[in-house]
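Chain residues, written in single-letter form:
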Amino acid sequence: MTTHDLVLTNGRILDGCGNPWFWGDLAIQQGRIVEIAPRGTLQGKQTIDAAGRFIAPGFIDIHTHSDLTILVNRPAESAIRQGVTTQLIGNCGMSPAPTVDLDYPDLRLLWGSISDQPEVTWDWGSFDEYLQKLQVGGLGINIAALVGHGALRLAAIGFEDRRADSNDMWIMKDLLKHSMQAGAFGMSTGLVYPPGCYATTEEIIELCKEVAQYHGMYASHIRGERETILEAAAEAIRIGREAGVPVQISHNAPKFGAPCDASANLRLVEEARANGQDVTVDNDVHTDLAPALCDGLPQYIEDLPASEITALLRDPVKRLEIRNEIVEDRKPAFGPVGLLKHNQWQRITMLHAPRNLELIGKTIQAIADERGKEPFDTYFDLIVENGRQADAIFDYINESNIRLLLQHPAVMISSDGEVLAPYGALNDPIPYQPCSYGEFPGVLERYVRDEPVLSLQEAIRKMTSFPAQRLGLRDRGVLREGAWADIVVFDLEHIHDRATNLYPHTYPFENYPHKYPEGIDYVFVNGVLVVNGEQHTGALPGVVLRHKTSR
Ligand SMILES: [Zn+2]
């Protein structure tokens, strides 16, 4: 009998393809799964007893924003502790490469304060150089990347609100082509954010035709996820049809203000699929988000320096103009703005306000009542008083929509979070990111174990083989002989997400600051143990995955 490097024994194996578990031993050798056999039949130099636990493919998080935070925390703490072994970065139109200038100021502005961390050196130009930068310093997880349309548009046009002319198109296509050749898995857009919101549908179709040449995908934060959600989903589907690319509609839960529940946008996806178009969806299971209050301002203002924003809001005429623009929402703003537009001030709870510490934990409605002012004015006043540092928790998604999405076969599970760590620069100030710490264990705890919204095997499929299929990764996301040994061993009975606040919030906020989940016992990346008994081993076996057609 062969003695393998390492054998996992006594566990219930979930292959990731949606099949129910079976008893088995699994052997790892040189990074790969080399044998799967009946329980108790394999021998290893090292054996891990997975009694009482499930053995599944490592989770693949298809929607994240770790592009720069992974440079600051290469062990990828908040991801690996959840059992995530691969992340797709570059979503919502945002990637830090390519740049046309070493110190491209617009791109730094787009990425905000993370840009200033010493590890974020901005010493790459091309997409290829950025991917090399990721790999050279070592990674706790595997990383696959999309190229962001925002980076391309900034390189050609900056933050200007205008159509791309033929010269701009030439610049964007050239950068896109080189990024695809370097191994980008496709292109993403963020059509509610600057500069993506200034692009026409035709511009994106033309760029996606370039993506099609390399068999990449189109992932989109669509042009509005509230009032315009159906038109916006239809636009994404049209882009895929006319350019000949598969479409991934990102975090597609209807946000407060949508005229329909999630079944309406899912119907559009079903129709497209019935017509032979490969359209899929991802979603995370959190009902809230905690952006800066000034992120709710109209797009052309939100990225201005704090002093310019407060100057605008101090001018009563401008203030009224801005208020009208928010309510009209002609260029649909991102999801949370629905709460401003529809006067849902009781659903916005202050999280950070350095100049008004006594207000933390109170809703804007309650603050307005105390001050005897209108809530809209209170919202503006809080920005004037705290600048960019005022953040609030916006409860903007109805949980019933999360269930509808979870149960649909064309929807996979993503976090929409980023690599974080409860220490160092990524924890100062402490971000409100329950999804970054608890997405996958939270689904298993709340929607599989405690309430049977999903079967275990279906939940695992949506976290593993399905996103792998979307990315064209044929040797990850499944447990079978020959596949890379990206593996998570978890204890379903004791799994516990220690990061999620359930609405309505009580202050001090439950589970905030965040903690790692419980019940994720062992995590392997490329056959190397990165989490051992709920501890990070310090190993950095992750690789930068490059899209196959580029080779
Ligand atoms: Zn997004």
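Now for a description of the structure that goes with this document. Since we're looking at a predicted model, the values are computed, not measured. Position labels on residues start from 1 in each chain and follow its written sequence. In keeping with the predicted nature of the model, local features appear solely for residues at pLDDT of at least 70, side-chain atom pairs appear and are counted solely at 80 or more, and the whole-chain, interface and lining totals rest on all residues. Side-chain calculation: all heavy atoms of the structure are included, whereas hydrogens and water are not.

Each aromatic ring pair is summarised here by two numbers: the centre-to-centre distance and the angle between the ring planes. Pairs were defined over the aromatic rings of Phe, Tyr and Trp, the Trp ring being its six-membered one, requiring ring centres within 6.5 Å. Orientation was assigned from the angle between planes: stacked under 30 degrees, edge-to-face over 60, tilted for the rest. The final tally for this structure, using the stated rule, is 16 aromatic pairs. Geometrically, the ring pair formed by F127 and Y130 is tilted, given 6.3 Å between the ring centres and 55° between the ring planes. With a gap of three residues between them, F127 and Y130 both fall in helix α4 (residues 127-136), about one helical turn apart. Partly exposed describes any residue whose relative accessible area lies between the buried limit of under 20% and the exposed limit of over 50%, with all areas from a 1.4 Å probe on protein chains only and scaled to the type maximum. Residue Y130 is classed as buried on the basis of its relative accessible area, which comes to 1%. Among the aromatic residues, ring-to-ring pairing joins W122, W124, F127 and Y130 into one connected group. The residue whose ring lies beneath R461 is F466, and the NZ or CZ to ring-centre distance is 4.9 Å. Counting from the N terminus, the helices are DSSP H or I runs at least four residues long and the strands are E runs at least two residues long. In this scheme, Lys NZ or Arg CZ marks a charge over a ring once it lies within 6 Å of the ring centre and within 35 degrees of the ring normal.

Here the focus is the nonpolar core. To form a nonpolar core, buried Ala, Val, Leu, Ile, Met, Phe, Trp, Tyr and Cys residues must be joined to one another through side-chain atoms within 4.5 Å. Membership of the largest hydrophobic core comes to 142 residues, with the highest contact counts inside it found for M187, Y218, L293, L297, Y379, L444 and F490. Of all the elements, helix α8 (residues 229-243) adds the most residues to this core, at seven residues. Pairs of residues are marked as contacts when any of their non-hydrogen atoms sit within 4.5 Å. Among all residues touching Y218, those that are not within four sequence positions of it are M187, T189, L191, I204, C208, A236, I239, V245, P246, V247 and Q248. Counting residues in each nonpolar core, the second largest holds 18 residues, with L6, I33, I55 and I487 among its members.

Spatially, six strands are ordered β9-β10-β11-β12-β13-β17 in an open sheet, and the strand pairing comes out parallel. Only two strands of the sheet have a single neighbouring strand rather than two, namely β9 (147-148) and β17 (411-413). Relative to strand β12 (residues 247-249), strand β11 (residues 217-221) is paired through three bridges, and the arrangement is parallel. By the bridge assignment for β12, A219 is matched with Q248. When DSSP finds two or more bridges between two strands, those strands count as paired.

Glancing now at the coordination of the zinc ion. The protein atoms that coordinate the zinc ion are C92 (SG), H221 (ND1) and H251 (NE2), at distances of 2.1 to 2.3 Å. Counted as donors are N, O and S atoms no farther than 2.8 Å from the metal, or 3.2 Å for Na, K and Ca; water is not among the atoms, and sites may therefore look incomplete. Sequence spacing of the donors to the zinc ion: C-x128-H-x29-H. Of this pair, H221 sits in strand β11 while H251 sits in the loop between β12 and α9 (262-274), and the two are 30 residues apart along the sequence. What makes H221 buried here is its relative accessible area of 4%.

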